[in-house]
Amino acid sequence: LESLFHYEDVVLIEIYAENKLVRKKARTSLEAKEASHFKDSPLFLYGQRDIFYQGAAIGKIDLVMSRAYIKDKLIIESLTAAAILCIIISGIFITMFVLFRKHLFHPLARLQRSARQISKGNLDTEIDTSSEDEIGNLARVLDQMIKELRVTMASRDELEAEIAERKEAEAENKKLASQLLQAQKMEAIGNLAGGIAHDFNNILASIIGFTELALDAAPKGSGQRDDLHEVLVAGNRAKELVQQILAFARQSEQKVQPVRLKAIVAEALKLIRPSTPTTIQVAANLDSDAKVMGNSTQLNQIIMNLCTNAIHSLQKPGGVLQINLG
């Protein structure tokens, strides 16, 4: 009895042996009350249990506890748990940001500066090729391209010296050398875009994966679940755009298949409406369910670009942006 009464939520204890009251202890002002008085009260929790000793029931105990105290204690513990969870989540995001900044953003920034110098014709640019990841592979390709450009430039100088006397062919030779240099620059930019897109594809895989896990854990019908769903849709669209960049870098053909244009236009309008000024009314008349042969991502980009251009034209005077599909 004494050990149980150390808990502040306990207000009354009665111990019975052979259906007789043996011991009783209550809080101040409640000593005259019996346990049955609290049985149906909404302010208290009442319970009766057997007391066992060496496997045999030797008596009973009536226990009355304060609901208000238990409720306050649960609220405090819930707030503490929520605060700890927020701290953990913040730590995870900060750690991810630091890792991304260290292992992705800084190497990409260095590589971008080097690419700018190369595009300006500065072939003495030093490139860090020590990394063993995809960015390092891209840097090595860029470094090899610089070496090839140096050889090409040297060859061009020799060629220009050799045909100095051929004034009629001089303009044509310069044009060919310029085209060769531009082609190599485009090849380097393609490799650069492909490498960066590959790294972003890895990042998007993590974002989409963790978003799906968070979506499974979010309560159904909550605003948090709707927000996570929008993040997942945007992540998948970004993944498709990355695939386009990779396809461009590899000079491969886009996948063409039967697609329903009505769904693509409706999805594009859903993305356009939130960013459209209030002075512009968006009206859609989509009457066709027919399919066309095409790439859904490219068609979505076409619709988005056409509507964006129209919105820019209508921004000052306002008006109606009307989309018809027949």
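Residues numbered from 1 in each chain as written. Predicted model: local features only at pLDDT ≥ 70, side-chain atom pairs only at ≥ 80, totals over all residues. Heavy atoms only, no water.

### A few points about the overall build of the protein chain
Quick note on the threshold: Helix numbers and strand numbers start at the N terminus; a helix is a DSSP run of H or I with at least 4 residues, a strand a run of E with at least 2. The buried label goes to any residue with under 20% of its type's maximum accessible area, the exposed label to any with over 50%, and the partly exposed label to all in between, with areas taken from a 1.4 Å probe on protein chains only. By the convention used here, residues are in contact when the closest approach between their heavy atoms is within 4.5 Å. In this description, accessible areas are obtained by the Shrake-Rupley approach with a 1.4 Å probe, and a residue is regarded as covered only by the protein chains that are shown.
For the protein chain, the helix and strand inventory stands at 6 helices and 8 strands. Counted from the first residue to the last, the protein chain has its helices and strands arranged as β-β-β-β-α-α-α-α-β-α-β-β-α-β. Within the protein chain, the proportion of its 326 residues that are buried is 28%. For the protein chain, restricting intrachain contacts to residue pairs at least 6 apart in sequence, the fraction spanning at least 24 positions comes to 59%. Surface accessibility of the protein chain: about 22400 Å² in total, with carbon and sulfur atoms responsible for 57%.

### A few points about the pattern of salt bridges
Convention followed: Salt bridges, as used here, are contacts in which a Lys or Arg side-chain nitrogen is within 4 Å of a carboxyl oxygen on Asp or Glu.
Enumeration according to the criterion identifies 3 salt bridges in this entry. Residues Lys60 and Asp50 are paired through a salt bridge, measuring 2.5 Å at the closest nitrogen-oxygen approach. Placement of Lys60 in strand β4 (residues 56-66) and of Asp50 in strand β3 (residues 44-53) is noted, with a sequence separation of 10 residues between them. Among the residues examined, Lys60 registers a relative accessible area of 32% and is labelled partly exposed. In this structure, Lys262 and Asp289 form a salt bridge, with 3.5 Å as the shortest nitrogen-oxygen distance.

### With respect to a nonpolar patch on the surface
Selection criterion: Nonpolar side chains (Val, Leu, Ile, Met, Phe, Trp, Tyr) within 5 Å and like charges within 9 Å form the patches, drawn only from residues with over 30% relative accessible area and no salt bridge.
A surface patch of nonpolar side chains, about 270 Å² in accessible area, is lined by Ile84, Ile88 and Ile92. Summarising the element assignment, Ile84 is placed in helix α1 (residues 67-119).

### Side note on the packing of helix α5 (residues 261-272) against helix α6 (residues 296-314)
How we decide: An axis is simply a line fitted to the C-alpha atoms; with a helix, the fit covers only the stretch in contact. Between two such axes, the angle follows the N-to-C directions and lies from 0 to 180 degrees. Note on angle classes: values under 35 degrees are labelled roughly parallel, values over 145 roughly antiparallel, values of 65 to 115 roughly perpendicular, and the remainder oblique. Left-handed describes a crossing in which the near helix is turned anticlockwise from the far one by less than a right angle; the clockwise case is right-handed. Only Asp, Glu, Lys and Arg are considered charged in this grouping, and only Ala, Val, Leu, Ile, Met, Phe, Trp, Tyr, Cys and Pro are considered nonpolar; every other residue, Gly among them, is considered polar.
Two elements in contact, α5 and α6, have axes whose closest approach is 9 Å; the angle formed by their N-to-C orientations is 45°. With respect to α6, the element α5 is oriented oblique. Along this stretch, α5 crosses α6, giving a crossing that reads as right-handed. Residues Leu261, Ile264, Val265, Glu267, Ala268, Leu269, Leu271 and Ile272 of α5 lie in contact with α6, whose contacting residues are Ser296, Leu299, Asn300, Ile303, Met304, Cys307 and Ile311. When its residues are assigned to classes, the contact of α5 with α6 shows 12 nonpolar, 2 polar and 1 charged.

### Thoughts on the nonpolar core
Inclusion rule: Nine residue types can take part in a nonpolar core, namely buried Ala, Val, Leu, Ile, Met, Phe, Trp, Tyr and Cys, and a core is a set of them joined through side-chain atoms within 4.5 Å.
By size, the foremost hydrophobic cluster in this structure holds 14 residues, and its most contacted members are Val265, Leu269, Cys307, Leu321 and Ile323. For this core, the secondary-structure elements that each account for two or more residues are α5, β6 (280-286), α6 and β8 (319-325). Filtering out sequence-adjacent residues up to four positions away, Ile323 remains in contact with Val265, Leu269, Val282, Ala283, Ala284, Asn285, Leu286 and Cys307.

### Side note on the sheet that holds strand β2 (residues 20-26)
Here is the rule: Paired strands, as defined in this entry, are two strands with at least two bridges between them according to DSSP.
Across the sheet, 4 strands lie side by side as β2-β1-β4-β3; this open sheet has antiparallel pairing. With partners counted over all chains shown, the strands left at the sheet margins are β2 and β3, one partner each. Strand-to-strand twist in this sheet, taken as the mean axis angle between neighbours without regard to direction, amounts to 15°. Relative to β2, strand β1 (residues 10-17) runs antiparallel, the two sharing 6 bridges. Opposite Ile15, over in β2, you have Arg23 as the bridge partner.

### Some remarks on the pairing of β4
Bridge count for β1 against β4 is 6 bridges, and the pairing is antiparallel. Residue pairing in the sheet places Tyr16 in a bridge with Lys60 of β4. Inspection of the sheet shows β3 paired to β4 by 10 bridges, in the antiparallel sense. The residue bridging Leu45 from the neighbouring strand is Met65, located in β4. The hairpin formed by β3 and β4 contains 2 residues between the paired strands, and Gln54 there has a positive phi angle of roughly 55°.

### Brief notes about the environment of Leu321
With respect to the helices and strands, the residue Leu321 is situated in strand β8. Those residues in contact with Leu321 that sit more than four places away from it in its chain are Ile280, Gln281, Val282, Ala283, Cys307, Ala310, Ile311 and Leu314.

### Considering unusual backbone geometry
For Glu18, which is not glycine, the phi dihedral falls at a positive 55°. The class for Glu18 is exposed, based on a relative accessible area of 73%. With a phi close to 55°, Gln54 is a non-glycine residue in the positive phi region. Position of Gln54 among the secondary structure elements: in the loop between β3 and β4.

### Comments concerning the environment of Pro258
With respect to the secondary-structure elements, Pro258 resides in strand β5 (residues 257-260). Classification of Pro258 as exposed rests on a relative accessible area of 53%. Non-local contacts of Pro258, meaning those with residues more than four positions away in its chain, are made with Lys291, Val292 and Met293.

### With respect to α6
The condition is simple: One less than the number of residues in a helix, times 1.5 Å, gives the span that helix is expected to have. Arc definition: directions from the helix axis to the C-beta atoms. What qualifies as a polar contact is a pair of N or O atoms within 3.5 Å, subject to a donor-acceptor requirement within protein and to the restriction that residues adjacent in sequence count only when both atoms come from side chains.
The end-to-end C-alpha separation of α6 is 27 Å, in line with the 27 Å expected for 19 residues at 1.5 Å each. Every buried residue of α6 is accounted for by Thr297, Asn300, Ile303, Cys307, Ile311 and Leu314. Around the axis of α6, the buried residues are gathered within 125° of arc, so they sit on the same side. Relative to its buried face, α6 has exposed residues pointing more than 90 degrees away, namely Leu306, His312 and Ser313. You can read the cap of α6 off the contacts: a side-chain oxygen lies 3.0 Å from the backbone nitrogen of Gln298, and it is on Asn295.

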